[in-house]
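# Descriptive analysis of the structure
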Amino acid sequence: MRVNVNLATQKFEEVRLFLWRATLAIGIAGAMLLVLIVLAFVNYNSSSTAGKKNRDLQNQIAELQQQRAAAEAVANRPENRDVTLQKNFWNRQIARRAFSWTQLFNDLQRIMPRRAYLASVAPELTPDNRLKLSIIIKGERHEDALELQKRMETSEHFSNPVIQEEQPQKDKAGNLWAFKIETLYVPSAPMNMRSSAGEGLQ
């Protein structure tokens, strides 16, 4: 009588199944590695492109600043003083001509919060002939000034708005907040100036 005895110390495993699973795992890992390599390459190219654009913009800004400094140096020469004074004078006249109280009130009305109103506005020309406004508004809520500031930042006529002062006040209508906001104002060109520009281009 013959008796078969299994003397193996390990349990029997299907070798082919093990090899298939191992091959599949290696294939998946290789595919993931390939995807990561591609993503890293794309990210590197994007970063390189963005860095190049940033360097180009910085070079352009530096070049423009050099050109501006050179132009200012020429304008500040003693022999060019009369021309510079005339240029500044006419630039101020053009800026004053472009300013319209009606247009300013309309522009403010479009962005003014519902429960806020304009108390006063004082325009002035900066040394570089830009219009600067000192505006005092009053509103029922402290958030009215923040809302107006955000609307100014997204407006095409106002830029760099800054809240300078804020204080609570009492009025006949009740408790109010008064805010002083300074901002640069860019009015639209008057119709007569637009027509002249259009005729010059024809």
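Residues numbered from 1 in each chain as written. Predicted model: local features only at pLDDT ≥ 70, side-chain atom pairs only at ≥ 80, totals over all residues. Heavy atoms only, no water.

### A look at the overall build of the protein
Where we set the bar: The helix and strand labels rest on DSSP assignments: H or I over at least four residues marks a helix, E over at least two residues marks a strand, and numbering proceeds from the N terminus. The cut-offs for exposure are 20% and 50% of the maximum accessible area for each residue type, with area from a 1.4 Å probe on protein chains only; residues under the lower value are buried, those over the upper are exposed, and the others partly exposed. In these tables, accessible area is a Shrake-Rupley quantity obtained with a 1.4 Å probe, and a residue counts as shielded only by the protein chains included in the view.
From N to C terminus, the protein includes 5 helices and 4 strands. Going residue by residue from the N terminus, the α and β elements of the protein occur as α-α-α-β-β-α-β-β-α. A total of 202 residues make up the protein; the buried ones form 20% of that total. In the form shown here, the protein has an accessible surface area of approximately 16,200 Å², with 56% of it arising from carbon and sulfur atoms.

### Regarding the nonpolar core
Here is the rule we go by: What we call a nonpolar core is a set of buried Ala, Val, Leu, Ile, Met, Phe, Trp, Tyr and Cys residues that are connected through their side-chain atoms within 4.5 Å. Contacts between residues were defined by any pair of non-hydrogen atoms, one from each residue, lying within 4.5 Å.
Among the nonpolar cores identified, the biggest contains 18 residues, and Met152 and Phe158 are the most heavily contacted of them. Put simply, the parts of the chain that give this core at least two residues each are helix H3 (101–111), strand S1 (116–125), strand S2 (131–139), helix H4 (143–153) and strand S4 (174–185). Tallying contributions element by element places S2 first for this core, with 4 residues. When residues no more than four places from it in sequence are discounted, the contact partners of Met152 are Leu108, Ile111, Ile135, Phe158, Pro161, Ile181 and Thr183.

### Brief notes about the packing of aromatic side chains
Our working definition: Ring geometry is summarised as follows: Phe, Tyr and Trp rings, the Trp one being its six-membered ring, pair when their centres sit within 6.5 Å, and such pairs are stacked at plane angles under 30 degrees, edge-to-face over 60 and tilted between the two.
The final tally for this structure, using the stated rule, is 3 aromatic pairs. Arranged with centres 5.9 Å apart and planes meeting at 40°, the rings of Trp101 and Phe105 form a pair that is tilted. Of the two residues, Trp101 and Phe105 are both situated in helix H3; the distance of 4 residues between them amounts to about one turn of the helix.

### Thoughts on the pairing of S2
Which entries qualify depends on this criterion: What makes two strands pair is DSSP finding at least two bridges between them.
Here S1 pairs with S2 via 9 bridges, running antiparallel. Considered in S2, the bridge of Pro123 is made with Leu133.

### Side note on the pattern of salt bridges
How we decide: Any carboxyl oxygen of Asp or Glu within 4 Å of a side-chain nitrogen of Lys or Arg constitutes a salt bridge here.
Applying the stated criterion across every chain yields a total of 6 salt bridges. A salt bridge links Glu140 to Arg115; its shortest N-O distance comes to 3.8 Å. Of the two residues, Glu140 is situated in the loop between S2 and H4 and Arg115 in the loop between H3 and S1; the sequence distance between them amounts to 25 residues. Taken together, the salt bridges that share partners define one network made up of Arg141, Asp144, Glu147 and Arg151.

### Details of H4
An α-helical turn contains 3.6 residues, so any two residues separated by three or four positions project in the same direction. Basically, it comes down to this: Here the arc refers to the set of directions running from the helix axis out to each C-beta atom.
What H4 keeps buried is the set Asp144, Ala145, Leu148, Gln149 and Met152. Seen along its axis, H4 keeps its buried residues to an arc of 135°; they face one direction. H4 presents Lys150 and Glu153 as exposed residues on the side facing more than 90 degrees away from its buried surface.

### Here's the deal with H3
Of the residues making up H3, those classed as buried are Gln103, Leu104, Asp107, Leu108 and Ile111. Seen from one end, H3 has its buried residues packed into an arc of 130°, which puts them on one side. Within H3, the exposed residues directed more than 90 degrees away from the buried face are Thr102, Gln109 and Arg110.

### Section: unusual backbone geometry
Here the phi dihedral of Asn160 falls at roughly 55°; this positive angle occurs in a residue that is not glycine. On the secondary structure map, Asn160 appears in strand S3 (residues 158–171). Judged by relative accessible area, which is 56%, Asn160 ranks as exposed.

### Looking at the confidence of the model for the protein
Short version of the rule: Known as pLDDT, the predictor's per-residue confidence is scaled from 0 to 100.
Across the protein, the average pLDDT comes to 76, with 74% of residues at 70 or higher. This model gives residues 191–202 a pLDDT under 50, and the stretch forms 5 contacts once residues within four places in sequence are excluded.

### Describing the side chain of Gln149
Residue position: Gln149 is located in helix H4. Excluding residues within four positions of it along the chain, Gln149 makes contact with Pro161, Val162 and Ile163.

### Concerning the side chain of Ser155
Basically, it comes down to this: In the analysis that follows, any N or O atom pair within 3.5 Å is treated as a polar contact, provided that within protein one partner can donate a hydrogen and the other can accept it, and provided that, for residues neighboring in sequence, both atoms belong to side chains.
In this fold, Ser155 is placed in the loop between H4 and S3. Within the structure, Ser155 has its side chain in polar contact with the backbone nitrogen of His157 (distance 3.1 Å).

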